Amino acid sequence: MSAPIGDPVAGRRERTLPKGADPDAPLLVVDGLTTHFDLDGATVHAVDDVSFTLRDGEALGLAGESGCGKTTTALSLVKLLPPNARIVSGSVRMFGVDLVPRSEDGLRRYRWREISIVFQGAMNALNPVRRVRDQIAEPIVQRLQLSEDEARSRAEALLERVGIPKARGSAYPHELSGGMRQRAMIAMALACDPAIVIGDEPTTALDVMVQAQVLELLEDLRAELGLSLILITHDLSVIAETCDRVLIMYAGRVAEEGPVRRVFALPRHPYTQMLLRAFPNIHAERRTLGVVRGSPPDLRTPPPGCRFHPRCPLAIEPCRETVPPETTFADAVRVACHLYPPGSDGTQVAVPIEQISAEPAGVAEPARAAEPAGPAGSPAAAGGGR
Amino acid sequence: MTAGPVVSTPRPAPSSRTARQVARGRSFAHRFVRRPEGLLGLVIIVFFAVLAIAPEVFVGPLETATTASGDRLEPPSLAHPLGTDNLGRDVLNLTVHGARISMMIGLLATLVTVLVGVLLGIVAGFVGGRTDTILMRITDFFLVLPTFVLAIILAPIVLELVGGGSEILGIRTTLIVIVVVIGLTSWATTARIIRSQTLSVKERAFVDRARVIGAGGWHTMRVHILPNVTGLIVANAVLVFAGAILTETTLAFIGLGDPFAPSWGQLLGAAQEAGAPGLGVWWWYVPPGACIVLVVLAFTLMGGALDDILNPKARGRR
Amino acid sequence: MTSRYLGRRLLQAVITIAGIVLLNFVLFRMMPGSPERVLMRNPNMTQAAMAAQRARWGLDEPLFPNQLVAYVSSTLQGDLGASFKYRGQPVTEVIGGRVGPTLVLFGLGELIAIFVGLILGAYSGWRRGGPVDYVGNGVSLILYSMPYFLLGMILLVIFATSLGWFPTTGMQTLGANFASPLEQALDFLRHLILPLAAVSLGLIGQYSILMRSSVIETRAEDYIQTARAKGLRGSRILRAHAVPNALLPTVSLIGINLGFIVAGAITVEVVFNWPGLGTLTQEALAARDYPVLQGVFLILAICVVLANFLADIVYGFLDPRVRT
């Protein structure tokens, strides 16, 4: 049902690498990435010392609560940040080439052609006044220098591949259903045959049936094209279904990372344990859902030491003072927690069930909801004769 | 989708309502000060307001044809820093007094405009249904009209209605007429804006809850909707003021001014009639003109700053 | 574009014009003094003509609906009454001769302003914060705060009176003999430039501010981030993504603002003694020539409604979402 787009082989495809790229280097190595925002004079420590590796054909799930820095991390990879953000330190090496020190122009080669993004909320991420087919063809024309006609036929092939009939390509975004829009976004992300596709909550706004279809589509494409995937979501069940590895983030830092089955079967970090308890499992026995008490910290003034310690039922003395070091165990799981210091054997320190829902000890006063914001309207020119 | 992180407020919220209002006021003042354009606007407005309140203190009583202090059409000199007009009146004197008249008309016209506009806007937004549709049709109608010409036609009608006496409550009748006429023709934009805001406030949950509890319409409007619309009303009123001054200026220029209570617009009109531009008599009309530009600019800047503060959507964006 | 959308807009335009005629009728009846006094002020009126006019207006009949119908039908037939000042000359004739110059001045001014203003505004809004933006925005704000006629007066004193580059009044040099149509056209242009500059600059100030804030708002939209993620160049993003969307509210606002801008345009005529509707309005006001004033109001209002309809059509081309 599809027209071949890339060469469908497992592992690294035959592709033209960017200048300076090392064909033998790993696909993506992120080391110590730190991104800060300047907000009204204060500094928000959104991403702090995040490291991970992505291999060819691999799917990595980036999980965590809202505001934990997953989206910022992903956008930092191609420096797609707002003007008040800056990457303070760290490196992002793709094919061995560090993207962080590169200028906007130097980085452009990598955008979309090596790393593309499927944004959340396709209704807003698509230009409402241009036809869907043209938006997919746009990067093909602009970035790959193909002719308009060639680009259009490629775009239509892509649409067919994601399950949208060619005829619908001439539609505008508002004329498509939510699921079709999201699939169009996927088609658009594949337009330049990238090595990595980042999905930023690609199924969050969709209903369950459509969500399943879109995930299945991503899976098929990954197998067929040898894509690597970074899937950002707060929904652990999506990660369980689709990803090879999972990276759990909390308050801008890595909490735990490893093969999905392993981490979900034996969660080590207390946050991971509590997160998993909060998710209903249709196969497990009936139990009360755990609720992770408290809220994430204000990243303008993150707590010292481990950022999770105010909410952690197992917090010990070092947690308040020292940033926990990362320890990697034999089963390829990496944890950043004082309960698992370097040299320990990796036995899980389980959070007692009663403790999961209990009010954590020594937590700061829970943040109250902010006051209702001011009026949203804007006085347009009040006119008057002149 | 936001690229920025979620920032929660660790400070505990103040407990009492007045404490909250004080905190809100302080935060507002803080944000206002950080906007230099708004500050500049405020300074200019205060300057002209001071002139407008007591012009005699600065330049003495308003000069008339009989009390003219200089020769005709004198260029600026030490005795007359802004020169004289074709009747020999000191232009500085006329301009400073013009501040009072222009600002006063602006203020009163703004009051009328905002009153009518807010009333119609809130009622339309809150009541909804057929009332809303009818009111909005009327509003759109007024938006399209060339209200300037309408004002010119309305003026003699209003004059008839208002009566023949030369003063009402200490203000000259012709000026009252101008105020009413501007008010009657400029309310449409305000009504639209306030209606939008009312609609969006109405959507918010707490209004529904109030209704469920059984609070009456007027009560809900007063207690829930009004406070959330007030900020917008103020920001809009400032911009309306700017527009009112421009409208008054133009109406006075084309002949609806009062030569015995000359606003800046009236001075410009008189200068034009006497052929000042063609004669090169720039000192007659450039000062009042500059004042108009400064005041309108000031209100526009302040209105923009207020809008910025009260419209957080536009803050901190990419 | 669907005919449904067009049909709706056209219907709205027609209803608005109907409303304007109705409003005119109300004003006419509210004028100080009864219509009879209005008639009697005309020195050329004979008894017979007065009786005929009274019959035409149905003054002896009930106000509603007879008088209203009479008024509307006579308006539709092109009878807008007779001017006081011009001794009974039909208002349509008085106005007719003046529409052309105003159309030329205002039409050209709008075209120039839309072109220049939108481009300036887009550029300024996109490159927010540079020195060009501050200066440009500052100048635009000052122009926006200035009544157009004041701008005209200043331009006049500088370029016409002091420098003598351009004439100070009128549309054509009076009593001149022109060797050729070209010379006459040039003379016309020389007279046109200053008033045109006044109108255009004022409008440019307004439109560039509108477009600028529209582009600034558009810039924050998600699809702009998508475009950046695609690795497109800034100029391409501006042209292909930002501007087409930023134009939408701008076009709407331009349409709405037309009603307000009319005031400015016609007062510029007064400054330059340009023989159009503006000077006519001033003269009519001075002479309390209400039939002419009402006629001008009607014509201008209809023009604004039609221009708004035009703006609606343009909007329909630009925004596919309204076409369904």
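Residues numbered from 1 in each chain as written. Chains lettered and ligands numbered in written order. Predicted model: local features only at pLDDT ≥ 70, side-chain atom pairs only at ≥ 80, totals over all residues.

A short note on the overall build of chain B
In terms of regular secondary structure, chain B is built from twelve helices and two strands. Reading the helices (α) and strands (β) of chain B from amino to carboxyl end gives α-α-α-α-α-α-β-β-α-α-α-α-α-α. Buried residues in chain B amount to 48% of all 318 residues. Summarising the internal contacts of chain B: among those between residues at least 6 apart in sequence, 68% fall at separations of at least 24. (Helix = DSSP H or I, 4+ residues; strand = E, 2+ residues; numbered from the N terminus. Buried ≥ 20, exposed ≤ 12 C-beta atoms within 10 Å, placed from the backbone. Contact = placed C-beta atoms within 7 Å.)

Comments concerning the overall build of chain C
Summing up its helical and strand segments, chain C has twelve helices and zero strands in all. Across chain C, helices and strands are ordered from the amino to the carboxyl terminus as α-α-α-α-α-α-α-α-α-α-α-α. Burial analysis of chain C (324 residues in total) assigns 44% to the buried set. Sequence separation of at least 24 residues holds for 72% of the intrachain contacts in chain C that already meet a minimum separation of 6.

Quick word on the sheet that holds strand β12 (residues 334-336) of chain A
All names here are of chain A. Read from one edge to the other, the open sheet built from eight strands follows the order β6-β7-β8-β3-β9-β10-β12-β11, with strand pairing classed as mixed. In this open sheet, the two strands that pair with only one neighbour each are β6 (115-118) and β11 (326-328). Averaged over all pairs of adjacent strands, the angle between strand axes in this sheet comes to 20°, irrespective of strand direction. When β6 meets strand β7 (residues 196-200), the two strands line up parallel, connected through four bridges. In the sheet register, S116 faces β7, and the bridge partner there is V197. The sheet strands contacting helix α1 (residues 70-77) are β3 (59-63), β6, β7, β8 (228-233) and β9 (245-250), and the helix crosses β8 at an angle near 150°. (Pairing = 2+ DSSP bridges. Axes fitted to C-alpha atoms, helices over the stretch in contact; angles between N-to-C directions.)

Examining the packing of helix α5 (residues 91-126) of chain C against helix α12 (residues 290-318) of chain C
Helix-helix packing is characterised by the crossing angle of the two axes and by the distance between the axes. Residue and element names in this part refer to chain C. Between α5 and α12, the least distance of the axes is 10 Å, while the angle of their chain directions is 50°. In terms of orientation, α5 and α12 fall into the oblique class. As for the relative orientation of α5 and α12, their crossing is right-handed in sense. Side by side, α5 and α12 meet where V91, V94, I95 and V99 of the first sit next to P291, V292, G295, V296 and I299 of the second. Here the residues of the contact of α5 with α12 sort into eight nonpolar, one polar and no charged. (Parallel < 35°, antiparallel > 145°, perpendicular 65-115°, else oblique. Left-handed = near helix turned anticlockwise from the far one by under 90°. Nonpolar A, V, L, I, M, F, W, Y, C, P; charged D, E, K, R; others polar.)

Things to note about the interface of chain C and chain B
Between chain C and chain B, the residue contacts involve 45 residues of the former and 36 residues of the latter. Of all the secondary-structure elements, those providing two or more residues to the side of chain C that touches chain B are α1 (3-30), α6 (131-144), α7 (148-162), α9 (222-229), α10 (234-272), α11 (277-286) and α12 of chain C. A total of nine residues in the side of chain C that touches chain B trace back to one element, the largest contributor, which is α12(C). By residue class, the composition of the side of chain C that touches chain B is 29 nonpolar, 14 polar and two charged.

Some remarks on the confidence of the model for chain C
The share of residues in chain C with pLDDT of 70 or more is 90%, and the mean pLDDT across the chain is 84. The secondary-structure element of chain C with the lowest mean pLDDT is helix α2 (residues 35-40) of chain C, recorded at 60, while α9(C) shows the highest, at 94. (pLDDT = per-residue confidence, 0-100.)

Structural notes on unusual backbone geometry
Notably, F95(A) is not glycine yet its phi reads approximately 50°, a positive angle. Counting through the fold element by element, F95(A) comes out in the loop between β4 (85-94) and β5 (97-98).

Some remarks on the sheet that holds strand β2 (residues 42-54) of chain A
Residues and elements named next belong to chain A. Pairing is antiparallel in the open sheet, where four strands are placed in the order β2-β1-β4-β5. The sheet terminates laterally at β2 and β5, the two strands that pair on one side only. Examined bridge by bridge, strand β1 (residues 28-39) and β4 share eight bridges and lie antiparallel to one another. Note that in β4 the partner of L28 across the bridge is M94. Across the sheet, α1 lies against β1, β2 and β4, angled at about 70° from β2, the strand it touches most.

Regarding α11(C)
Residue and element names in this part refer to chain C. Counted residue by residue, α11 has eight buried out of ten residues, so it is predominantly covered. Inspection of α11 places L277, G278, T279, L280, T281, Q282, A284 and L285 among the buried residues, and these make up the whole buried set. Positive phi appears at R288, one or two residues downstream of α11, with a value of about 55°.

Description of the confidence of the model for chain B
Residue and element names in this part refer to chain B. Across chain B, the average pLDDT comes to 81, with 86% of residues at 70 or higher. For the stretch residues 1-11, pLDDT sits under 50, and the model shows 33 contacts to residues farther than four places along the chain or on other chains. In this model, residues 314-318 is a region of pLDDT below 50 whose contacts with residues beyond four sequence positions or in other chains number nine contacts.

Some points on the nonpolar core
Ranked by size, the top nonpolar core spans 265 residues in total, and within it I136(A), A184(A), M185(A), I230(A), F299(B) and V296(C) carry the most contacts. At 21 residues, the largest contribution of residues to this core is made by α10(C). If we skip the residues at most four places from it in the chain, I230(A) touches L54(A), L60(A), L62(A), A74(A), I196(A) and I198(A). (Core = buried A, V, L, I, M, F, W, Y, C linked by C-beta atoms within 7 Å.)

Considering the packing of α10(C) against α11(C)
All names here are of chain C. Where α10 contacts α11, the axes come no closer than 7 Å and their chain directions differ by 80°. What the angle tells us is that α10 and α11 run roughly perpendicular. Here α10 contributes A265, I266, T267, V268, E269 and V270 to the contact with α11, which in turn contributes L277, G278, T279, T281 and Q282. For the contact of α10 with α11, the residue count by class is five nonpolar, five polar and one charged.

Looking at the environment of E104(A)
All names here are of chain A. Looking at the element boundaries, E104 is found in helix α2 (residues 104-108). For E104, a count of 12 C-beta atoms within 10 Å puts it in the exposed group. C-alpha separation for the pair E104 and K79, spaced 25 residues apart in sequence, amounts to 8.3 Å.

Brief notes about α5(C)
When the terminal C-alpha atoms of α5(C) are compared, their 49 Å separation across 36 residues agrees well with the 52 Å that a helix rising 1.5 Å per residue should span. Remark: the principal bend of α5(C), roughly 30°, maps to R98(C), with a proline, P101(C), within the next four residues. (Expected span 1.5 Å × (residues − 1). Bend = angle between axes of the 7 residues up to and from the residue.)

What about the environment of F149(C)?
Considering the arrangement of structural elements, one finds F149(C) in helix α7. On a C-alpha basis, the gap between F149(C) and A263(C) in space is 9.8 Å, while along the polypeptide they are 114 residues apart. Excluding residues within four positions of it along the chain, F149(C) makes contact with F253(B), T267(C), V268(C), V270(C) and V271(C).

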